[in-house]
Amino acid sequence: MQSDVPRRPGRGLARGIPAVLSVVSAFLIWETYVRLSGISPLMLPAPSRVLDQIVLNRALLWDNMVPTLKATFAGFALSLTVAFSLSVVLDFMPRVRRALFPIFVVSQTLPLVAIAPLVVLWFGFDLTPKVLLVALVTFFPMLVALVDGYGATDPEIEDLMRAMGATRGQIFRSARFPSAMPYFFAGLRISITYAVVAAIFAEYVGARAGLGIVILNAKNSFRPDLVLAAVVISSALTLVLFAITALLQRVVLRWREVGSTR
Amino acid sequence: MSLLDIQNVSVTFGATAILDEISLHVAKGEFVSILGPSGAGKSTIFRLLTGAARHDSGKITYNGQPLATKHHGFGFMPQRDALMPWRRIIDNLTLGLEVQGIHRKNARAQVTPLLADFGLDGFARHYPSQLSGGMRQRAALLRTIAQNRPVQLLDEPFGALDALTRTQMQAWFEMRWRAARWTTLLVTHDVREAVALSDRIYVLSRRPARVIAEVHVPAPRPRMGRRVSAEAHAVEAQLLEILLNQTGETL
Ligand SMILES: Nc1ncnc2c1ncn2[C@@H]1O[C@H](COP(=O)(O)OP(=O)(O)O)[C@@H](O)[C@H]1O
Ligand SMILES: [Mg+2]
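Residues numbered from 1 in each chain as written. Chains lettered and ligands numbered in written order. Predicted model: local features only at pLDDT ≥ 70, side-chain atom pairs only at ≥ 80, totals over all residues. Heavy atoms only, no water.

## A look at the overall build of chain A
If you tally the helices and strands in chain A, you get 11 helices and zero strands. In sequence order, the secondary structure elements of chain A are arranged as α-α-α-α-α-α-α-α-α-α-α. Along the three orthogonal principal directions, the C-alpha set of chain A runs to about 75 × 50 × 30 Å. Per-residue burial for chain A yields a buried fraction of 42% across its 262 residues. For chain A, contacts bridging at least 24 residues in sequence account for 75% of all contacts bridging at least 6. In the structure as shown, chain A presents an accessible area of about 13,900 Å², 71% of it carried by carbon and sulfur atoms. For chain A, the distance from the average site of its 24 positive side-chain charges to the average site of its 14 negative ones is 2 Å. (Helix = DSSP H or I, 4+ residues; strand = E, 2+ residues; numbered from the N terminus. Buried < 20%, exposed > 50% of the residue type's maximum accessible area, 1.4 Å probe, protein only. Contact = heavy atoms within 4.5 Å. Areas by Shrake-Rupley, 256 points an atom, 1.4 Å probe, with all protein chains shown as cover. Lys, Arg positive; Asp, Glu negative; His and termini not counted. Charge placed at Lys NZ, Arg CZ, Asp CG, Glu CD.)

## Here we look at the pattern of salt bridges
With the rule as written, the count across this model stands at 25 salt bridges over all chains. Note that B:Asp199 and B:Arg221 form a salt bridge whose closest N and O atoms lie 2.9 Å from each other. With B:Asp199 in the loop between α7 (191-197) and β9 (200-204) and B:Arg221 in the loop between β10 (211-216) and α8 (230-250), the pair connects residues that are 22 residues apart, well separated along the chain. Look at B:Asp199 and you get partly exposed, because its relative accessible area is 22%. Each member of the salt-bridge network shares a partner with another, and the members are A:Asp91, A:Glu158, A:Asp159, A:Arg162, A:Arg168, A:Arg176 and B:Arg47. (Salt bridge = Lys/Arg side-chain N within 4 Å of Asp/Glu carboxyl O.)

## Some thoughts on the coordination of the magnesium ion (ligand 2)
Residue and element names in this part refer to chain B. At this site the magnesium ion (ligand 2) is bound by Ser 43 (OG) and Gln 79 (OE1), with donor distances of 2.0 to 2.4 Å. Residue Ser 43 is found in helix α1 (residues 42-49), and its partner Gln 79 is found in the loop between β6 (74-77) and α2 (89-93); the two are separated by 36 residues along the sequence. Here Ser 43 falls in the partly exposed class, since its relative accessible area comes to 24%. (Donors = N, O, S within 2.8 Å, 3.2 Å for Na, K, Ca; no water.)

## Some thoughts on the site of ligand 1
Residues and elements named next belong to chain B. Around ligand 1 lies a shell formed by Phe 13, Ile 18, Pro 37, Ser 38, Gly 39, Ala 40, Gly 41, Lys 42, Ser 43, Thr 44 and Arg 207. The separation between an oxygen atom of ligand 1 and a polar main-chain atom of Gly 41 is 2.9 Å. For ligand 1, whose free accessible area comes to 570 Å², the fraction covered by protein is 61%. Residues belonging to the shell around ligand 1 are distributed by class as follows: four nonpolar, five polar and two charged. (Near = heavy atom within 4 Å. Polar contact = N/O pair within 3.5 Å; in protein donor to acceptor, adjacent residues only side chain to side chain. Nonpolar A, V, L, I, M, F, W, Y, C, P; charged D, E, K, R; others polar.)

## Considerations on the interface of chain B and chain A
With 28 residues of chain B at the interface, the matching set in chain A holds 23 residues. Taken together, both faces of the contact between chain B and chain A bury some 2,200 Å²; the carbon and sulfur share is 59%. Considering only the side of chain B, the residues that lose the most area to chain A are B:Trp86, B:Val99 and B:Ser129, jointly responsible for 29% of the buried surface there. For A:Asp159, the salt bridge is made with B:Arg47, and the minimal N-O distance between the two is 3.4 Å. One can count five residue pairs in polar contact (both at pLDDT 80 or more) joining chain B with chain A. Those elements that place two or more of their residues in the side of chain B that touches chain A are β6, α3 (95-99) and α5 (133-145) of chain B. It is α3(B) that provides the largest number of residues to the side of chain B that touches chain A, a total of four residues. (Buried area = accessible area lost by both parts, 1.4 Å probe.)

## Side note on the side chain of A:Thr238
By the secondary structure assignment, A:Thr238 is in helix α10 (residues 224-252). Ignoring anything within four residues of it in the chain, the contact list for A:Thr238 reads A:Ile192, A:Thr193 and A:Val196.

## Focus: the sheet that holds β9(B)
All names here are of chain B. Here we have six strands laid out as an open sheet, ordered β6-β7-β8-β3-β9-β10, and mixed in their pairing. The open sheet has two edge strands with one neighbour each: β6 and β10. On average, adjacent strands in this sheet sit at an angle of 15° to one another, irrespective of strand direction. Pairing geometry for β9 and β10, over five bridges, is antiparallel. Bridging from a neighbouring strand, Tyr 202 pairs with Glu 214 of β10. Helix-sheet contacts for α5 involve β6 and β7 (151-155), and the interaxial angle to β6 is about 165°. (Pairing = 2+ DSSP bridges. Axes fitted to C-alpha atoms, helices over the stretch in contact; angles between N-to-C directions.)

## Points about the pairing of β7(B)
Residue and element names in this part refer to chain B. For β7, a buried count of five out of five residues is recorded, marking the element as mostly surrounded by other parts of the structure. Both faces of β7 are covered, namely the face carrying Val 151, Leu 153 and Asp 155 and the face carrying Gln 152 and Leu 154. In this sheet, β7 lies alongside β6 in parallel orientation, the contact comprising four bridges. Opposite Phe 74, over in β7, you have Val 151 as the bridge partner. Taking the sense of rotation as the criterion, the β-α-β connection linking β7, helix α6 (residues 163-180) and strand β8 (residues 183-188) turns out right-handed. (Right-handed = clockwise from strand over helix to strand, strands pointing away.)

## Description of a nonpolar patch on the surface
Residue and element names in this part refer to chain A. Residues Leu 78, Val 82, Leu 118, Leu 121, Trp 122, Phe 123 and Leu 132 make up a contiguous nonpolar surface patch of about 660 Å² in total accessible area. Among the elements of the structure, α3 (58-92) and α5 (112-123) are those that each provide at least two residues to the nonpolar patch. Top contributing element to the nonpolar patch by residue count: α5, with four residues. By secondary structure assignment, the location of Trp 122 is in helix α5. (Patch = residues over 30% accessible without salt bridge, like charges linked within 9 Å, V, L, I, M, F, W, Y side chains within 5 Å.)

Limitation: the analysis is restricted to geometry and does not speak to function.
See below:
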C-alpha cells in the first residue's frame, strides 16, 4: 500500500558493513591513484592530504562550521513550522489547497543559482538570507509529504471515528496526523539532505563566514585540498542530521518496527 | 415496541439503486442479523445508521424519534477491524471514549477490566500488528462494546478469519452475548453464523437489496459448541434454499 514509504530504516550494524567497505575501497583507490600517477595536489589531492588539512585547519573549519550549522537549523526550524502550520490549514481547506499548491510547485522550480544572489541582495550578508534559502529548499518536500500523508488516511478509520461522533479536529488529531507520520519522515529525510547544501550555497553567494566562504576562499587561492576538507565537514554535517532524523523516526514510528504476525 | 425501526428505506448511489424499500426493526435486547450476498448493500444499511450515507426515501426511527443526522447511539464495528496501527491495543480500545471527551486515563480504567473477558489480557501494550487475526477482531469488538452505546452494529465481524478461528470466535461471542444481552444488529453472509447467533434474521436479495425473508430462530441457546439442534438445522436449510433460489432467479 505505502510502497513509496520505506518500511524500516537500517537495523543493526551488520547492515552497514557493505556501505563502509565500498566507501573505504573508493578512498583506497583514490589514494593509490594519486600516489602512483604523481598527479599534482593542485589538481587532485589525495584523501590523506585532505585529512591532514582538516587537522591543520581545524580551528578555521570549526569557526566556519558554526554559522553554517546555525543557518541550517534556523532555516530548517522555520521551514518545519511553516510547512506544518500550512499543511493543517490546507487539510482543513481543500479549496485553499487547490489555490495555493501551484505556487508552491513554482517555488520549487526557481533555480537556486538565480534566487540566492537576489535573496542576499535583499537581506544582506547576515543570517537572514541563508535561513530563508534553507527554508525555501526544505519546505516543499515536507509540505507535500504531510499533505499526501493526511490524504492517505484509511477511510475506514475515518468512518469509524465519525460514527463515534468525532469532530473534524478529533479526526485530524487522532487519525490523519498520525497517518501522515511515515510520509512526513520520508519528506524530512529528503529535506535534510538539501538543508546543509542550501546553507553553503547561500554563503558562497555572500556571507561573512561559513563553510561556503571557506570553500570560496580556498578555491580562489587554488587549494583543492582545503575545498575538499570543507566538503568533508559539510558531508559529515548532513550525515549527522540524517542520523538524527533516522533516530527520531525510530522513536516516533516505533509501531512500524514491531514484529508483525502476518 | 422496537428500539430501531427502518421503514421502506431506499438508497441510490448515482444511477445505481442499492437499497430498495428496506424495512426492518430491532427490539431492545434483541439479536438481529442481516444476511445477504456480497455487494447486496448490507454495509450501506450501517452507513445510513452511522450517518456516513443518506437515504433517498423512507424513514428511520430510533426510540420512536426520526434518526438525527448527528446521532451516536450506535457502537459500530466496521467490516475490516480499522484498528489504528500506530496505537497500542489499550489506546485503540479507548478511542470511542476519548472521542466522547473522557480523559484517556479514565477511559483506560474503564476498559482495562474488560480485557480478560475479551481474551486480551497481557496484550494491552501490544500494537495491532503484533496480534493474531482473532485477537484483532476481539479488540475491534471490545472497542465497540466499550463505548457503552445502547445498540451494537457489527459488520461481518468474523468474516476475515479462517474457519477454525471463526468458529471459536462465534462460540466465544455467543457466550459473551448471553451474559450481556447487547441489542445487536449483525451483518453477515454466513448462514451458520446468522443462525447460531440471532433471534431473527432478515434475508436480503442481490443488489438492489430487498428484504426477501424474515426468519425467526426458535433454537435453544447456547447453540455453539454442541450438536446443531433440529430447529437450527431447519432454519439453516430454509435460509440456504431462499438464498439459492433467489440466485437462480437472476441467472
Ligand atoms: N460510494 C459509493 N458509490 C457507488 N456505489 C457504491 C458506493 N459504496 C458502495 N457502493 C456499491 O453499493 C453496493 C453495496 O455495497 P455494500 O453495502 O458495501 O455491500 P455489502 O456490505 O452487502 O457487501 C456495492 O455493489 C458497492 O459497489
Ligand atoms: Mg459489506
